[in-house]
Amino acid sequence: MFVDYIDTPLGAIEFKASEKGVTQVIFAGEVKASVKPNNITAECKKQLHEYFAKTRTVFNLPLDPKGTDFQKSVWCCLSNIPYGKVVTYLDIAQMVNKPWVHKLLAALMAVTL
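Residues numbered from 1 in each chain as written. Predicted model: local features only at pLDDT ≥ 70, side-chain atom pairs only at ≥ 80, totals over all residues. Heavy atoms only, no water.

**Q** Please give an account of the sheet that holds strand E2 (residues 11-17) that cites residues and values.
**A** Spatially, three strands are ordered E1-E2-E3 in an open sheet, and the strand pairing comes out antiparallel. Each end of this open sheet is capped by a strand with a single partner; those strands are strand E1 (2-8) and strand E3 (22-27). Mean inter-strand twist for the sheet, computed between neighbouring axes without regard to direction, equals 20 degrees. Bridge count between E2 and E3: five bridges; the pairing is antiparallel. Counted as the bridge partner of Glu14 is Ile26 from E3. Each of E1, E2 and E3 is contacted by helix H1 (residues 39-52), which is oriented at about 15 degrees to E1, the strand it contacts most. (Pairing = 2+ DSSP bridges. Helix = DSSP H or I, 4+ residues; strand = E, 2+ residues; numbered from the N terminus. Axes fitted to C-alpha atoms, helices over the stretch in contact; angles between N-to-C directions. Contact = heavy atoms within 4.5 Å.)

And the structure:
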């Protein structure tokens, strides 16, 4: 597993990657001493810098998410929401064809984002 950090206006962000793609992006609170980058984390860091500099609105990174089929379907929908568009949990639940799970989505996203 590869890991790196970036300081942002929102605090430190930690991102992890496998050889295949980004596996996790979380708010870390602080940058930890152990950094083990690879080419994917380097590109992730570059694109996050561009995003916070307001020169990037679309990310182009390989992803390698770990989760259930349901979690992966939600993350896929989230990745297709255009920059600047506001959606509700109910909107996302409808995107995954399960409108009754909007409260579950709130809990899922609180843990995974």
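**Q** So what's going on with helix H2 (residues 69-79)? Residues and values would help.
**A** Among the residues of H2, Gln71, Val74, Trp75 and Cys77 are the ones counted as buried. For H2, the buried positions fall inside an angular range of 160 degrees around the axis, keeping them on one side. (Buried < 20%, exposed > 50% of the residue type's maximum accessible area, 1.4 Å probe, protein only. Arc of directions from axis to C-beta.)

**Q** Before we move on, can you summarise the pattern of salt bridges with the specific residues and values?
**A** Evaluated as defined, the whole model comprises six salt bridges. The closest approach of N and O atoms between Lys16 and Glu14, which form a salt bridge, is 3.8 Å. Note on Glu14: relative accessible area 5%, which makes it buried. A single network of salt bridges, built from pairs that share partners, joins Glu43, Lys46, Glu50 and Arg56. (Salt bridge = Lys/Arg side-chain N within 4 Å of Asp/Glu carboxyl O.)

**Q** Break down the side chain of Ser18 for me, citing the residues and quoting the values.
**A** One can find Ser18 in the loop between E2 and E3. According to the relative accessible area criterion, Ser18 is buried, its value standing at 14%. A polar contact of 3.0 Å, which involves the side chain of Ser18, links it to the backbone nitrogen of Lys20. Polar contacts involving the side chain of Ser18 include one to the side chain of Asp64, which spans 2.6 Å. With sequence-adjacent residues up to four places away left out, Ser18 is seen in contact with Met1, Phe2, Thr23, Asn38, Ile40 and Asp64. (Polar contact = N/O pair within 3.5 Å; in protein donor to acceptor, adjacent residues only side chain to side chain.)

**Q** Summarise the packing of aromatic side chains; cite the residues concerned and give the values.
**A** Within the structure shown, the criterion is met by three aromatic pairs. Between Tyr51 and Phe59, the aromatic rings sit 5.5 Å apart at their centres with planes inclined by 40 degrees, giving tilted as the arrangement. Residue Phe59 is classed as partly exposed on the basis of its relative accessible area, which comes to 38%. A centroid spacing of 6.1 Å and a plane angle of 85 degrees characterise the contact between Tyr51 and Tyr83, whose relative ring orientation is edge-to-face. Of the two residues, Tyr51 is situated in helix H1 and Tyr83 in the loop between H2 and helix H3 (89-95); the sequence distance between them amounts to 32 residues. Of the aromatic side chains, those joined through ring pairs into one cluster are Tyr51, Phe52, Phe59 and Tyr83. (Phe/Tyr/Trp six-rings, centres within 6.5 Å; stacked < 30°, edge-to-face > 60°.)

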